[in-house]
Amino acid sequence: MSFLIPTAGRLAAAFAFALAVALPARAELAQPTGEQVLKVDGAITETNADGAALFDMAMLQALPAVEFTTATQWTEGDKTFKGVPLKALLESVGATGTKITATALNNYSVDIPMDALTDDAPIVAYFIDGEEFSRRDKGPLWIVFPYDSGAEYQTELVYGWSIWQLATLTVAE
């Protein structure tokens, strides 16, 4: 009877195989095929351009989505917003920072701390009442919170983070 005694090389190979089987592979970030609507850069690990992750609308709509109905101080009556949670979007690009600078098409920008993000809010909305919305109507992307769902979303700070015509997210350490 003979026994196989594992060598360091065999152990390392077995460990690497077990790790590869146990951990799901992260899908490579696709290239946008339509018009680019969002750029994410800074402290991220997943890119599809020089140090950045570029998204078209189809790529954003392929990510997990959240929908809620709320009134805003910028629209008439209750509106139903649908979009990708900002936290999920940042996780999809391997963001590792402590704050996000959100910049609009007109270069207006706000800083949002990462610890203000939850699994469901805010969202990067790409639909209002089931329809895409134009730049003229605060689109095509708008960071929106469920303002009617609690007092924590009805503060000047949160209103300030609600940037429309979103173009860039920069993640900082």
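Residues numbered from 1 in each chain as written. Predicted model: local features only at pLDDT ≥ 70, side-chain atom pairs only at ≥ 80, totals over all residues. Heavy atoms only, no water.

## Here we look at the packing of aromatic side chains
Using the following cut-off: Between 30 and 60 degrees the pair is tilted, below 30 it is stacked and above 60 it is edge-to-face, where a pair is any two Phe, Tyr or Trp rings, Trp via its six-membered ring, whose centres lie within 6.5 Å. Only DSSP runs of H or I covering at least 4 residues are called helices, and only runs of E covering at least 2 are called strands; the numbering of each starts at the N terminus. Only protein chains enter the accessibility calculation, which uses a 1.4 Å probe; a residue is then buried when its area is under 20% of its type maximum, exposed when over 50%, and partly exposed in between.
On inspection of all chains with the given rule, the structure shows twelve aromatic pairs. Between F68 and F81 the ring centres are 6.4 Å apart and the planes differ by 45°, which places this aromatic pair in the tilted class. A residue pair is termed long-range when its members are at least 10 positions apart, and F68 in strand β3 (residues 66-71) and F81 in strand β4 (residues 78-85) qualify at 13 residues. An identical accessibility class is assigned to F68 and F81; each is buried. For the ring pair W74 and Y159, a centre distance of 6.0 Å and an interplane angle of 85° mean the geometry is edge-to-face. Taken together, the positions of W74 in the loop between β3 and β4 and Y159 in helix α4 (residues 156-161) put the pair 85 residues apart, joining distant regions of the chain.

## Describing the pattern of salt bridges
Pairs can form between side chains of opposite charge once their charged atoms are near each other. The condition that has to hold: For salt bridges, the criterion is a side-chain nitrogen of Lys or Arg within 4 Å of an Asp or Glu carboxyl oxygen.
By the definition in use, this model includes five salt bridges. In this structure, D111 and K99 form a salt bridge, with 3.4 Å as the shortest nitrogen-oxygen distance. Taken together, the residues D111 in strand β6 (residues 109-113) and K99 in strand β5 (residues 99-104) connect sequence positions twelve residues apart.

## A short note on the environment of A116
What counts, and what does not: Two residues form a contact once any of their heavy atoms are found within 4.5 Å.
Looking at the element boundaries, A116 is found in the loop between β6 and β7 (123-128). On the basis of relative accessible area, A116 is assigned to the partly exposed category, the value being 22%. Taking C-alpha positions, A116 is 9.2 Å from K99, a pair spaced 17 residues apart along the chain. Here A116 is in contact with A121 and W161, once residues within four sequence places are set aside.

## Focus: the nonpolar core
Soluble globular proteins tend to pack their nonpolar side chains together in the buried interior. Rule in force here: Take the buried Ala, Val, Leu, Ile, Met, Phe, Trp, Tyr and Cys residues and link them wherever side-chain atoms come within 4.5 Å; each set so joined is a nonpolar core.
Counting 49 residues, the largest nonpolar core has L38, V40, F55, L60, L89, I143 and L169 as its most contacted members. Looking at this core element by element, the count peaks at six residues for β7. Setting aside residues up to four positions removed in sequence, L38 forms contacts with A53, L54, F55, L60, L89, L141, L166, A167, T168 and L169.

## Describing the sheet that holds strand β1 (residues 36-42)
Formally: Pairing between strands is defined by DSSP: at least two bridges between the two strands are required. Axis definition: a line fitted to C-alpha atoms, over the contacting stretch in the case of helices. Angles run 0 to 180 degrees between N-to-C directions.
Pairing in this open sheet of five strands is mixed, and the strands run β2-β1-β9-β5-β6 from one edge to the other. Edge positions in the sheet fall to β2 (52-56) and β6, since each of these pairs with one other strand and no more. Each adjacent strand pair in this sheet contributes to an overall mean axis angle of 20°, direction not counted. Summarising the sheet, β5 and β6 pair through five bridges and their orientation is antiparallel.

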